[in-house]
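Structure assessment
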Amino acid sequence: MKVLVKGGRVIDPANGLDLVADVLIDQGKIAAIIPDGQSQADAAGGADKNPSAEVTVIEATGKLIVPGLIDMHVHLREPGFERKETIASGTRAAARGGFTSVVCMPNTQPVADNRAVIEFIINQARSTGVVNVYPIGAITKGSRGEELSEMADLAAGGAIAFSDDGRPVMNAQIMRLALEYAKIGDWLIIPHCEDLNLSAEGQMNEGYWAMLLGLKGIPAVAEEAMIARDLMLAEMTGSRLHIAHVSTAGSVQLIREAKKRGIRVSAEVTPHHLVLTDEAVASFSTSTKVNPPLRSEKDRLALLEGLADGTIEVIATDHAPHTLEEKDCEYNYAPFGISGLETAVPLVWSELIEKKVISLEKLIACLTVNPARILGLAKGSLGIGEEADLTIIDPEMEQIVRVDDFVSQGKNSPFDGWQLKGWPVATIVKGRVVMKNGQV
Amino acid sequence: MGLNRKDVLGLQELTAEEIQLILDTAVPMKDILSREIKKVPTLRGKVVATLFYEPSTRTRMSFELAAKYMGADTMSLAVATSSVQKGESFRDTAQTIESMGVDTVILRHSVSGSAQYLAKIVKASVINGGDGTREHPTQALLDMFTIREKRGSFAGMKVVILGDILHSRVARSNIWGLTKMGAEVRVVGPPTLMPPEIDKLGVKVYYQAEDALEGADVINVLRLQLERQQKGLFPTVREYHQLYGLTPARLKLARPDALVLHPGPMNRGVEIAPEVADSPQSTIVEQVANGVAIRMALLYLLMEGGSSSEGIS
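The following refers to the structure shown. Owing to the predicted nature of the structure, the values given are computational and were not obtained by experimental measurement. (Residues numbered from 1 in each chain as written. Chains lettered and ligands numbered in written order. Predicted model: local features only at pLDDT ≥ 70, side-chain atom pairs only at ≥ 80, totals over all residues. Heavy atoms only, no water.)

**Topic: the side chain of K84(A)**
Residues and elements named next belong to chain A. For K84, the location among the structural elements is in the loop between strand 6 (69-74) and helix 2 (87-96). You can call K84 buried: its relative accessible area is 11%. Looking at K84, its side chain comes within polar contact range of the side chain of H322, at 2.8 Å. Contacts of K84, omitting those with residues within four sequence positions, involve R77, P321, H322, T323, E326, Q409 and G410. (Helix = DSSP H or I, 4+ residues; strand = E, 2+ residues; numbered from the N terminus. Buried < 20%, exposed > 50% of the residue type's maximum accessible area, 1.4 Å probe, protein only. Polar contact = N/O pair within 3.5 Å; in protein donor to acceptor, adjacent residues only side chain to side chain. Contact = heavy atoms within 4.5 Å.)

**Some remarks on the interface of chain B and chain A**
Taken together, the contact pairs 24 residues of chain B with 17 residues of chain A. Regarding the contact of chain B and chain A, the summed buried area is about 1600 Å², with carbon and sulfur atoms giving 55% of it. Counting every contact that joins chain B to chain A gives two salt bridges. Between E201(A) and K231(B) there is a salt bridge whose closest N-O contact spans 2.9 Å. The tally of links between chain B and chain A comes to nine residue pairs in polar contact (both at pLDDT 80 or more). Looking at the side of chain B that touches chain A, the elements that each hand over two or more residues are helix 3 (90-99), helix 4 (114-121) and helix 6 (169-180) of chain B. The leading source of residues in the side of chain B that touches chain A is helix 4 of chain B, at four residues. Within the side of chain B that touches chain A, the residues separate by chemical class into nine nonpolar, eight polar and seven charged. (Buried area = accessible area lost by both parts, 1.4 Å probe. Salt bridge = Lys/Arg side-chain N within 4 Å of Asp/Glu carboxyl O. Nonpolar A, V, L, I, M, F, W, Y, C, P; charged D, E, K, R; others polar.)

**What about the sheet that holds strand 5 (residues 158-162) of chain B?**
Residue and element names in this part refer to chain B. Strand order in this open sheet of five strands is 7-6-5-8-9, and the pairing throughout is parallel. Lying at the two open borders of the sheet, with one neighbouring strand each, are strand 7 (204-206) and strand 9 (259-261). Each neighbouring strand pair of the sheet contributes to a mean axis angle of 20 degrees, computed without reference to strand direction. Sheet analysis places strand 8 (residues 218-221) next to strand 9, joined by three bridges and oriented parallel. Bridge pairing links I219 to V260 in strand 9. In this fold helix 5 (residues 137-151) packs onto strand 8 and strand 9, with an angle of close to 165 degrees to the strand it touches most, strand 9. (Pairing = 2+ DSSP bridges. Axes fitted to C-alpha atoms, helices over the stretch in contact; angles between N-to-C directions.)

**A look at helix 1 (residues 16-33) of chain B**
All names here are of chain B. With 18 residues, helix 1 should reach 26 Å at 1.5 Å per residue; the first-to-last C-alpha distance of 26 Å fits that figure. A bend of about 30 degrees at V27 is the largest found in helix 1, and the proline P28 appears one to four places after it. Along helix 1, the residues classified as buried are E18, I19, L21, I22, L23, T25, A26, M29, I32 and L33. On its buried face, helix 1 is in contact with helix 2 (58-69), helix 5, helix 6 and helix 12 (284-303). (Expected span 1.5 Å × (residues − 1). Bend = angle between axes of the 7 residues up to and from the residue.)

**A closer look at the environment of L24(A)**
All names here are of chain A. Considering the arrangement of structural elements, one finds L24 in strand 2 (residues 17-26). Relative accessible area serves as the criterion here: at 2%, L24 is assigned to the buried category. Distance in space between the C-alpha atoms of L24 and D71 is 25 Å, their sequence separation being 47 residues.

Encoded structure:
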């Protein structure tokens with residue numbers, strides 16, 4: 001079984017490729033990349049003397065062919081919160097959004113702090129999922145921040161990294177121990193940086209808009225103080241740190257300086273923090289309620305700068321689906337989170353490429369090879385012989401976001417009704433087309 | 001001319017002209033209160049509901065009396081005795097009330113923005129009776145009515161708002177209203193009870209009571225919620241009183257004829273000394289009566305659109 005993706009602009013930052021070509025997939029692997037003008041019959045024929053009958057052709061003229069996108073920060077909610085999302089619905093949302101791999105956070109019920117839950121997620125993804133799923137294990141038991149989880153057993157069961165995402169490890173000694181223990185396998189620790197004393201009861205970013213709207217603020221320093229602490233602990237232990245959902249100018253600066261000092265740190269930013277500011281909360285729409293909160297314009301510009309200068313090397317959605325009932329209530333009572341998988345690509349396209357903030361190659365790297373390298377995944381590349389995960393993006397396609405069209409169960413998006421450009425039009429996982437023209 | 005809007009959610013969105021209209025309309029309303037028979041038929045057949053998610057005595061009584069004096073029927077839902085206690089959602093409660101044919105809903109809620117949320121759900125008019133720490137428009141309007149009644153206008157008037165600005169919806173609404181009408185507004189309180197960037201609303205920020213009170217025409221003293229101390233926002237009630245309590249000595253720093261306002265309920269001896277609360281400069285008792293007049297005016301302007309002035313003048 002072969003697939004030929006024809007005539008698109010192939011951009012593969014991992015291999016430094018940017019050319020118009022056909023991509024030939026055979027047995028779920030990348031078989032050949034045939035530059036435009038070369039006879040495809042030669043190449044295809046070289047692999048098989050009788051090609052036409054068995055080759056599925058996907059026309060990609062005028063479109064981008066990129067390595068399958070990787071979202072290293074999603075909440076699939078299963079087990080435990082299946083009314084918000086399941087592995088089946090969440091991976092379909094990923095496919096619709098152009099992602100071929102997702103990395104899911106352990107704040108399920110029960111928490112993925114033991115091997116059984118990790119194995120359940122992997123098995124459930126195999127039987128009900130449509131994209132690759134890599135689970136993250138909890139740093140501490142129950143993500144309570146008190147005692148380390150069985151990290152080695154979690155890793156042996158398939159946990160790809162460790163995080164208590166949704167909650168910080170408030171106790172500095174526990175975080176120090178986690179970073180030291182992680183040396184066993186040079187595991188990656190992904191902290192959720194938030195000082196809970198500073199952020200207590202906060203609903204939105206502290207500042208002008210919180211003052212105006214009468215909502216309790218979450219100051220930037222609640223994030224920055226914890227990032228500073230974790231960077232110092234990473235420097236002391238020499239272990240690897242990846243800062244989840246960076247949202248403030250001060251955080252960007254801390255990470256930039258840490259990198260200069262040689263601390264092993266990487267960082268991610270979400271599309272919503274790149275596009276929106278706390279002014280959006282003025283609508284009192286609970287779809288704007290997210291943690292970390294939407295920040296000021298100064299913060300947003302610093303995040304763009306951080307992406308441009310390489311301080312931030314990953315774009316991840318922090319896809320956090322919730323039910324309609326949970327979000328249809330008074331602002332303070334709504335849970336934090338934005339359903340982000342199905343709007344990520346057109347948002348970053350419209351914000352970063354149309355506005356010429358970063359190069360196309362850099363954007364694709366932030367969504368492919370960069371997260372793959374940080375996670376140690378053999379993904380994010382179109383190298384010959386690699387598993388054929390591909391995403392096709394139509395840079396000219398413009399359409400309106402409709403949350404009712406989301407395949408995610410979480411319709412909680414502040415982008416409902418937005419006109420966006422640059423949509424994924426096909427998602428191919430291991431040679432199998434799992435999304436075409438928005439249909440999963 | 002009436003108010004050409006469905007809801008009154010805050011003074012932020014009202015124009016100076018609209019505020020002027022409400023204050024002007026409250027003048028004849030106040031006369032009704034001093035009549036032998038305090039009832040006019042203007043809003044006969046209309047229904048006003050109060051939906052209170054937070055304890056309140058004076059605001060709710062004031063709205064209910066205002067509606068009754070205007071001839072409307074009233075009903076009230078207090079959360080402690082409703083199905084909200086059984087877990088009913090805000091939307092369901094709102095729709096239930098509306099389906100009973102209510103024309104105007106008065107909402108009091110502890111969460112900021114709830115008035116906006118209700119206004120989107122129901123077709124009825126919504127009057128914000130205080131939402132979280134955001135706005136309490138009718139309190140600010142009655143404060144402004146009281147000031148105007150005593151002083152004639154707002155232009156150039158130095159108004160001090162004293163106390164817990166951070167948690168005060170009364171402060172925010174007063175700031176919007178007074179600055180729109182040309183007053184100079186000063187806010188003063190401990191830095192831990194001062195919201196960041198409040199200066200961007202065009203007010204002067206002080207941390208020393210004495211500095212703020214210098215030459216003031218009006219002092220609006222805010223209630224100190226004693227639970228704020230438990231959260232460590234200030235060290236003790238004793239020190240708060242020492243620094244920010246409106247004492248006779250501090251009152252002397254203001255103009256000799258300065259007015260003292262307080263939205264109530266008062267903590268005597270905490271934010272305000274009893275001698276000041278009971279002094280001739282205090283308008284605290286009059287504010288309550290003015291509150292009924294302002295709410296009558298608002299109900300009239302929203303529900304009747306000002307098209308008929310039957311029985312008012």
